[in-house]
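Close look at the chain arrangement
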Amino acid sequence: PTTTSTTSTSAPTTTTSTTTTTLVAEVSLAEAIQRDASAAEVALLEAIAEPASSRARELAAIYFSGRSLERVTSLLDQLVTNGLVGQANPDVRSVIVVLSEPILVDGVGGTRAEADTCRVDAAMIVDPQATLNGQPAIVNDDIIRTLARTRFVLTNGVWQLDGGDVTDESRGATTCEL
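Presented here is a report on the structure given in the accompanying data block. (Residues numbered from 1 in each chain as written. Predicted model: local features only at pLDDT ≥ 70, side-chain atom pairs only at ≥ 80, totals over all residues. Heavy atoms only, no water.)

Glancing now at unusual backbone geometry. At N133, a residue that is not glycine, the phi angle is positive and equals roughly 55°. Mapped onto the secondary structure, N133 falls in the loop between β5 (124-132) and β6 (135-140). Residue N133 is classed as exposed on the basis of its relative accessible area, which comes to 77%. Of note in this structure, N156 is not a glycine but carries a positive phi near 50°. Note that N156 resides in the loop between β7 (144-155) and β8 (158-171). Using a relative accessible area of 79% as the deciding quantity, one classes N156 as exposed. (Helix = DSSP H or I, 4+ residues; strand = E, 2+ residues; numbered from the N terminus. Buried < 20%, exposed > 50% of the residue type's maximum accessible area, 1.4 Å probe, protein only.)

Put into structure tokens, the structure is as follows:
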């Protein structure tokens, strides 16, 4: 009789432990304010698209305070009263650009800052009930570039637009390239 035997061998198992460290880059004051100002512009476009919604008021309260919140709330109220809505301009983007290095007006670690900004407001106000060629009728499509010394306040981790002083305003200017 024949006997067959099978022997199996395996390589030794090695376990390696690795540690992964995630570095969180600190964001500069200028980057944080630019990020939040840009988010405010997007939030404003969303809010004016549905000004009667509770979400519109929530967005306004997240990104705006002081005089800026009063102006945004007033705009939303006017849109609702007149049955109008806002929408993005398909040809020109609404933007806000921080032009100068922000300064903390209440010192290091502060919650109040100021910076020079440029804002291109290209949002269109339309009447969704009145149509022209199947599209909502445009009530206002003025494009306005505003240069300002803008105040920001840090609230719940967001640099809210708090107001400012206009230094120049130009109708029809479509960019912040000066």
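The full count for this structure, using the stated rule, is one disulfide. In this model C118 forms its disulfide with C176; the gap between the sulfur atoms is 2.1 Å. Taking the sign of the S-S torsion, about -90° here, the bridge from C118 to C176 comes out left-handed. With C118 in strand β4 (residues 112-121) and C176 in the segment after β8, the pair connects residues that are 58 residues apart, well separated along the chain. We note that C118, like C176, is buried. (Disulfide = S-S within 2.5 Å.)

Our next topic: the sheet that holds strand β1 (residues 85-87). Across the sheet, three strands lie side by side as β1-β5-β6; this open sheet has antiparallel pairing. Either end of the sheet is taken by a strand with one partner, and the two such strands are β1 and β6. Recorded for the sheet is a direction-independent mean angle of 55° between the axes of neighbouring strands. (Pairing = 2+ DSSP bridges. Axes fitted to C-alpha atoms, helices over the stretch in contact; angles between N-to-C directions.)

Another aspect to go through is the environment of V80. Residue position: V80 is located in helix α3 (residues 66-82). You can call V80 partly exposed: its relative accessible area is 40%. Note: C-alpha distance between V80 and A52 (28 residues apart in sequence) is 5.9 Å.

The next subject is the nonpolar core. Counting residues in each nonpolar core, the largest one holds 27 residues, and the members touching the most others are F64, F152 and L161. At the level of secondary structure, the elements contributing two or more residues to this core comprise α1 (29-49), α2 (54-63), α3, β2 (95-98), β4 and β8. Of all the elements, α1 adds the most residues to this core, at eight residues. In this structure, A122, I143, L147 and C176 belong to the second largest nonpolar core, which totals eight residues. (Core = buried A, V, L, I, M, F, W, Y, C linked by side-chain atoms within 4.5 Å.)

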